[in-house]
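Descriptive analysis of the structure
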Amino acid sequence: MTKQGPQRFPGASTAYWYGSKYPGSAMEVNVLCWHSTEGTSLPSYDGGSMAPNLTAKPDFAAKRLVWHQHFDFDVSSRALRNLSGGVETNTLNVCQVEIVGTCDPATHTKWAQAGIQHLYMPELPDWAIRDLATFAKWANANHGVPLSSGLTFKPYPSSYGSNGVRMTGSQWNNFNGHCGHQHVPENDHGDPGAFPMVAILAAAKNGTTQEDDVALTDADKKWIADTVKAQSFAGVWKTDGIGAPVDAVDAKTNPTWQAQSMLRDIQARVRANTAAEAAQSAAIAKLAQLIGSNVDTAQVVAAVQKAIADAVVKVSVDVNGPAAT
């Protein structure tokens, strides 16, 4: 089979190129399969023996993805399991992309508490979605990979193993579009978990939110009901971790907040604003009295300076709530 169209994604580094060591099979790609590496650095992929076509690694300072290409776009890569006697996986017209990060909520919590920057697949930042969409759009424009999926991306760990969304051999043979490792037959991995596929495809379609309508199966409905029941409001309230605002007083000592910390910070900021507004109102009233008394300019200037100083209120937040200092 002859490869068609450009084979290198513009801007991707080939510093870790495995196409010479593992030549692979030529294909005409009509499927993109997304993975998560479950790490924070570029994997070695065992010297390339388990490498995808491309890896996208986050650059948090620049708010962009850095791309590494390991095989041509239309050449089979090696990140899927392929059992003998069944369907083809790696060689069945699929380009594979690994994203450096995790889909596992337990790993996400551990890294967040340790202050380790990382991508968490269910909560990808806008710039990561933007760059993944750019790749999806390029694959569509240059190779005709449909900007569609129609598949449910289940959250990890329920996406592992026999998960209710993994395709049969026949479904895989006839599938075109975007899928995850969790959907590929003969495999048991559950990555990339609750991947924002709809948002990525919408961005690739220039911001439209149109996505193929897919009716929920009874299994989908049961999974949603079980998930909502398992994740009670109280459980989410106690375990939901978010990054502290950079201007929070305790951002360094308490970098990952639960909901209580966020509410306490909001309360402190509201109180600070209220105190500042009260000081400003008092200062304005005082100025009006001074001006009405025909005092000289020096007195007015002094009053303005004092008003500015009185209007600056600093608030610290501790476990007992805000206290003016």
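Residues numbered from 1 in each chain as written. Predicted model: local features only at pLDDT ≥ 70, side-chain atom pairs only at ≥ 80, totals over all residues. Heavy atoms only, no water.

1. Observations concerning the overall build of the chain
In terms of regular secondary structure, the chain is built from eight helices and nine strands. Looking at the chain as a whole, 41% of its 325 residues qualify as buried. A separation of at least 24 residues holds for 66% of the contacts in the chain among residues at least 6 apart in sequence. When the accessible surface of the chain is split by element, carbon and sulfur atoms take 55% of a total near 17,200 Å². (Helix = DSSP H or I, 4+ residues; strand = E, 2+ residues; numbered from the N terminus. Buried < 20%, exposed > 50% of the residue type's maximum accessible area, 1.4 Å probe, protein only. Contact = heavy atoms within 4.5 Å. Areas by Shrake-Rupley, 256 points an atom, 1.4 Å probe, with all protein chains shown as cover.)

2. Remarks on the nonpolar core
The biggest cluster of nonpolar side chains holds 35 residues, and the ones touching the most others in it are Trp34, Trp67, Phe73, Leu132, Phe135 and Phe195. Broken down by secondary-structure element, the contributors of at least two residues to this core are β1 (31-36), β2 (54-59), β3 (64-69), β4 (94-99), α2 (126-143) and α4 (197-204). In terms of residue count, α2 provides more of this core than any other element does, nine residues in total. Not counting residues up to four positions away in its chain, the partners in contact with Phe135 are Phe9, Leu32, Trp34, Leu54, Trp67, Phe73, Cys95 and Val97. In terms of nonpolar packing, the next biggest core, distinct from the first, is built from 10 residues, Val94, Met167, Phe175 and Val184 among them. (Core = buried A, V, L, I, M, F, W, Y, C linked by side-chain atoms within 4.5 Å.)

3. Focus on the packing of aromatic side chains
Under the definition given, this model contains 11 aromatic pairs. With a centroid separation of 5.0 Å and an interplanar angle of 25°, the aromatic rings of Trp67 and Phe135 are classed as stacked. Taken together, the residues Trp67 in strand β3 and Phe135 in helix α2 connect sequence positions 68 residues apart. Residue Trp67 shares its accessibility class with Phe135, and that shared class is buried. Aromatic pair Phe153 and Phe195: ring centres 5.9 Å apart, planes at 45°, arrangement tilted. On the criterion of sequence distance, the pair formed by Phe153 in the loop between α2 and α3 (169-173) and Phe195 in the loop between β5 (177-180) and α4 is long-range, its members being 42 residues apart. Of the residues examined, Phe153 reaches a relative accessible area of 11% and is grouped as buried. When its relative accessible area of 5% is taken as the criterion, Phe195 is described as buried. Grouped by ring-pair contacts, the aromatic residues Phe9, Trp34, Trp67, Phe73, Phe135, Trp138, Phe153 and Phe195 constitute a single cluster. Between the NZ or CZ atom of Arg8 and the centre of the ring of Trp17, over which it lies, the distance is 4.1 Å. (Phe/Tyr/Trp six-rings, centres within 6.5 Å; stacked < 30°, edge-to-face > 60°. Lys NZ or Arg CZ within 6 Å of the ring centre and 35° of its normal.)

4. Examining the sheet that holds β2
Strand order in the open sheet formed by five strands is β3-β2-β4-β1-β5, and the pairing between neighbours is mixed. Both outer strands of the open sheet, β3 and β5, are each paired with one neighbouring strand and no more. Here the strands of the sheet are splayed against their neighbours by 25° on average, with no regard to which way each runs. The sheet contact formed by β1 and β5 spans four bridges and is parallel. Looking across to β5, one finds that Cys33 is bridged to Cys179. Where α2 meets the sheet, it contacts β1, β2, β3, β4 and β5, and its direction lies at approximately 40° from that of β3. (Pairing = 2+ DSSP bridges. Axes fitted to C-alpha atoms, helices over the stretch in contact; angles between N-to-C directions.)

5. Quick look at the environment of Phe60
Here Phe60 lies in the loop between β2 and β3. Separated by 68 residues in the primary sequence, Phe60 and Ala128 have C-alpha atoms spaced 9.7 Å apart. Excluding residues within four positions of it along the chain, Phe60 makes contact with Gln117, His118, Leu119 and Trp127.

6. Quick word on unusual backbone geometry
The linkage connecting Tyr156 with the following residue, Pro157, adopts the cis geometry, with an omega of 10°. Tracing the backbone shows Pro157 in the loop between α2 and α3. Backbone torsion omega between Asp191 and Pro192 reads 5°, so that peptide bond is classified as cis. Following the sequence through the fold, Pro192 ends up in the loop between β5 and α4. Phi at Glu38 takes a positive value of approximately 65°, unusual for a residue other than glycine. Positionally, Glu38 belongs in the loop between β1 and β2. The class of Glu38 is partly exposed, set by a relative accessible area of 35%. Despite not being glycine, Glu186 shows a phi value in the positive range, around 70°. Within the secondary structure, Glu186 is located in the loop between β5 and α4.

7. As for the packing of α2 against α4
Relative placement of two packed helices is described by the angle separating their axes and the distance separating the axes. Contact pair α2 / α4: the axes reach a minimum separation of 8 Å and the direction vectors enclose 60°. Where α2 crosses over α4, the two elements pack in a sense that is right-handed. Residues Ile129, Leu132, Ala133, Ala136 and Lys137 of α2 form the contact with α4, whose participating residues are Ala199, Ile200, Ala203 and Ala204. (Left-handed = near helix turned anticlockwise from the far one by under 90°.)

8. Quick notes on helix α1 (residues 105-113)
Within α1, burial applies to Thr107, His108, Trp111 and Ala112. The arc that holds the buried residues of α1, viewed along the axis, is 130°, so those residues lie on one side. Turned more than 90 degrees away from the buried face of α1 sit Ala106, Lys110 and Gln113, all of them exposed. Backbone nitrogen of Ala106 and a side-chain oxygen of the N-cap are separated by 3.0 Å at the start of α1; the cap is Asp104. Phi turns positive one or two residues past the end of α1, at Gly115, with a value near 75°. (Arc of directions from axis to C-beta. Polar contact = N/O pair within 3.5 Å; in protein donor to acceptor, adjacent residues only side chain to side chain.)

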